[in-house]
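Each chain, written out:
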Amino acid sequence: MPSGKMTSPASILAAGIDRDRDAVIAGLTLPWSSGVVEGHVNRIKILKRQMFGRAGFHLLRKRVLLYS
């Protein structure tokens, strides 16, 4: 993106999709999904944020395993 030239958020998004065209096509056409894994990762990140500064790894591990 040249400096001094104004670009809209939509054109920036379109340029990013165009750069990642192969990944976008694969994500829209292939039957596989990482949605379940991403959900678990998100849940663990939320637990880590909630427990930051409160307890150590052992309690975090118990909470993660409790919700599994």
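Thresholds applied
- Residues numbered from 1 in each chain as written.
- Predicted model: local features only at pLDDT ≥ 70, side-chain atom pairs only at ≥ 80, totals over all residues.
- Heavy atoms only, no water.
- Helix = DSSP H or I, 4+ residues; strand = E, 2+ residues; numbered from the N terminus.
- Buried < 20%, exposed > 50% of the residue type's maximum accessible area, 1.4 Å probe, protein only.
- Areas by Shrake-Rupley, 256 points an atom, 1.4 Å probe, with all protein chains shown as cover.
- Patch = residues over 30% accessible without salt bridge, like charges linked within 9 Å, V, L, I, M, F, W, Y side chains within 5 Å.
- Salt bridge = Lys/Arg side-chain N within 4 Å of Asp/Glu carboxyl O.

A. Representation of the overall build of the chain within the structure. Each helix and strand counted, the chain has 4 helices and 0 strands in total. Listing each helix as α and each strand as β along the chain from the N terminus yields α-α-α-α. Here the chain holds 68 residues, and 7% of them are scored as buried. Carbon and sulfur atoms make up 64% of the accessible area of the chain, which totals about 6300 Å².

B. Spatial organisation of the environment of R61. In this structure, R61 sits in helix α4 (residues 57-66). The class of R61 is partly exposed, set by a relative accessible area of 49%. Along the sequence, R61 and I44 sit 17 residues apart, while their C-alpha atoms lie 9.8 Å from each other.

C. Seen up close, a nonpolar patch on the surface. A contiguous nonpolar surface patch, about 390 Å² in accessible area, is contributed by L13, I17, V24 and L28. Mapped onto the nonpolar patch, the elements with two or more residues apiece are α1 (9-19) and α2 (21-29). Looking at where V24 falls in the secondary structure, it is placed in helix α2.

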